[in-house]
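Take a look at the letters that make up each chain.
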Amino acid sequence: MGRPLGINAIMAAAVETTYGQTPAGTFYKLPFVSHALGEEQPLIEDDQLGFGREGLDPTYDVITNDGDIVVPVDLRGIGFWLRQTFGAPVTTGPTTGKYVHTFSSGASALPSTSIEIGSPDMPLYTMHYGAMVNQLKISLARSGMLNATLSMIAQGQIDPVAASAAGTLTARTGSRFAQATGSITVDGVAAGDIVSADVNYTNNLDKVEVIRADGRIGGIDPGVAKASGAISTRFSSRALLDKATSKAPVALTFGWTLTGGYSLVFTLSRVFLPKPKLPITGPKGIMADFNWQASGANGPQLTAVLTNDVTSYA
């Protein structure tokens, strides 16, 4: 028996047919950067009087299993997580060997996931079930690794065992999209003065906190979908400022490409920009920050189009 190492850890995930029930079907081996899933059950301090200053035994409270998973934005694996965030995509193709998967926000029902984290060094395998994506966040910068942070809410966890329950795994991994290939457009025109940006999408999940003997939630309901984010610019023209002060919505796209015609593009067709301050904090260039919000008044707030060689994410 060895010491478990993060470099050897394995994440296996499968789409649940029924919420909270781990399927016997296909599990995918997915790349990840870190995870913070795991059940917690805090203690409640006893409040009884009459037994002196030492106090009595505490009581166990309800169980929660919330946490973030950080995954690479890559050619194939990210499609699984987009499916779990938005629901199954509309897929077309193949065209010259490539498939186009279009994910749209605002689905009335969202899928749940069983996620097994394995440490074969020990061995030690923990299954998290009834996991749903509450929030997806991607940060854009000029350089560095491109990752997505998924804020998850799970129903529960099967305590660690010595053997995997995921069976034979199908690998879903591929080349990573790079920050250096990122692009941003505003109303179809490339924006060249953006220093950094964030794209956030939340399902605003609502835990169904019923009374049950095991202390776990009864389910999760989707709330109001919301796409928002931030753009930090090195101020050089009035173009973006004028769009903000006009109070008219703009169209934003955030995208990355790989050699061979593969790509991932987020499109927000109706975005409102706030009027920003233009602070001067030193001798360098003047920065302007726009904390934008998207609207679904005319259709999906956000669409994510992934072009790759995967046949289906159904």
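Small disclaimer: the values here were computed from a predicted structure and weren't measured.

S.K.: Can you walk me through the overall build of the protein in this structure?
M.R.: In terms of regular secondary structure, the protein is built from two helices and 23 strands. Viewed in the frame of its principal axes, the protein has a C-alpha envelope of about 70 × 55 × 40 Å. Scored against the burial criterion, the 314 residues of the protein give a buried share of 41%. Pairs at least 24 apart in sequence give 71% of the contacts found in the protein among residues at least 6 apart. Carbon together with sulfur atoms contributes 53% to the accessible area of the protein, which is approximately 16200 Å² in total. For the protein, the distance from the average site of its 22 positive side-chain charges to the average site of its 25 negative ones is 16 Å.

S.K.: Is there a simple way to think about unusual backbone geometry in this case?
M.R.: Negative phi values dominate among residues other than glycine, just as trans dominates among peptide bonds. Cis peptide bonds are those with omega within 30 degrees of zero, and the linkage from Gly93 to Pro94 qualifies with 5 degrees. Looking at where Pro94 falls in the secondary structure, it is placed in strand S7 (residues 90–95). Cis rather than trans, the peptide bond between Met122 and Pro123 has omega equal to -5 degrees. Structurally, Pro123 can be placed in the loop between strand S9 (113–119) and strand S10 (124–140). The backbone of Thr96 sits at a positive phi, close to 50 degrees, despite the residue not being glycine. With respect to the helices, strands and loops of the structure, Thr96 is situated in the loop between S7 and strand S8 (98–104). For Thr96, a relative accessible area of 70% gives the class exposed. Although it is not a glycine, Asn204 sits at a positive phi angle of roughly 45 degrees.

S.K.: Please clarify how the environment of Ile117 should be interpreted in this entry.
M.R.: The residue Ile117 is located in strand S9 in this model. For the pair Ile117 and Met11, spaced 106 residues apart in sequence, the C-alpha separation works out to 4.8 Å. For Ile117, the residues in contact, after removing those within four places along its chain, are Ile10, Met11, His35, Leu124, Tyr125, Thr126 and His128.

S.K.: What is the right way to look at helix H2 (residues 239–246) in this model?
M.R.: The α-helix winds at 3.6 residues per turn, so residues separated by three or four positions along the chain end up facing the same way. Along H2, the residues that are buried comprise Leu240, Leu241 and Ala244. Down the axis of H2, the smallest arc covering the buried residues is 100 degrees, so these residues share one side. Next to the buried residues of H2 lie strand S14 (183–186), strand S19 (226–234) and strand S22 (287–294). Looking one or two places after H2, you find Lys247, whose phi comes out positive at around 65 degrees.

S.K.: Explain the packing of aromatic side chains to me, please; I cannot follow it from the model alone.
M.R.: Two measures describe an aromatic ring pair: the distance that separates the ring centres and the angle between the ring planes. Tallied over the entire structure, the rule returns six aromatic pairs. On the basis of an interplanar angle of 25 degrees and a centroid distance of 6.0 Å, the ring pair of Phe254 and Trp292 is categorised as stacked. Highlighted residues: Phe254 in strand S20 (residues 250–258) and Trp292 in strand S22, separated in sequence by 38 residues. There is no split in this pair, since Phe254 and Trp292 are both buried. Ring-pair connections join several aromatic residues into one group, and the members of that group are Tyr28, Phe80 and Trp81.

S.K.: Can you walk me through the environment of Ile69 in this structure?
M.R.: Within the secondary structure layout, Ile69 lies in strand S6 (residues 65–72). In this structure, the C-alpha to C-alpha distance between Ile69 and Leu136, residues 67 residues apart in sequence, is 9.8 Å. In this structure, Ile69 is in contact with Met11, Ser34, His35, Leu37, Trp81, Ile115, Ala148, Thr149, Leu150 and Met152, ignoring residues within four places of it in sequence.

S.K.: Teacher, can you tell me more about the pairing of strand S2 (residues 27–30) here?
M.R.: Put simply, side chains in a regular strand alternate between the two faces of the sheet. As judged from the three bridges shared by strand S1 (residues 10–15) and S2, these two strands associate in the antiparallel manner. For Ala12, the partnering residue across the bridge sits in S2 and is Lys29.

How each quantity is defined
- Throughout this description, residue numbers start from 1 for each chain and increase along the sequence as written.
- Totals for whole chains, interfaces and linings use all residues, but because this is a predicted model, local features are given only for residues with pLDDT of at least 70 and pairs of side-chain atoms are given and counted only at 80 or more.
- With hydrogens and water set aside, each side-chain value is computed from the structure's full complement of heavy atoms.
- Only runs of H or I of at least four residues qualify as helices and only runs of E of at least two qualify as strands under DSSP, and these elements are numbered from the N terminus.
- The buried label goes to any residue with under 20% of its type's maximum accessible area, the exposed label to any with over 50%, and the partly exposed label to all in between, with areas taken from a 1.4 Å probe on protein chains only.
- Should any heavy atoms of two residues lie within 4.5 Å, those residues are counted as being in contact.
- Computed with the Shrake-Rupley method and a 1.4 Å probe, the accessible areas treat only the protein chains shown as cover for residues.
- Charge assignment in this entry is limited to Lys and Arg as positive and Asp and Glu as negative, and neither His nor the chain termini are counted.
- By convention, the point assigned to a charge is CZ for Arg, NZ for Lys, CD for Glu and CG for Asp.
- What the arc measures is the spread of directions leading from the helix axis to the C-beta atoms.
- Side-chain rings of Phe, Tyr and Trp, where Trp is taken by its six-membered ring, are said to pair if the distance between their centres is within 6.5 Å; with planes under 30 degrees apart they count as stacked, over 60 as edge-to-face, and otherwise as tilted.
- Being paired, for any two strands, means DSSP has found at least two bridges between them.

So far we have only geometry, and geometry alone does not tell us how the molecule works.
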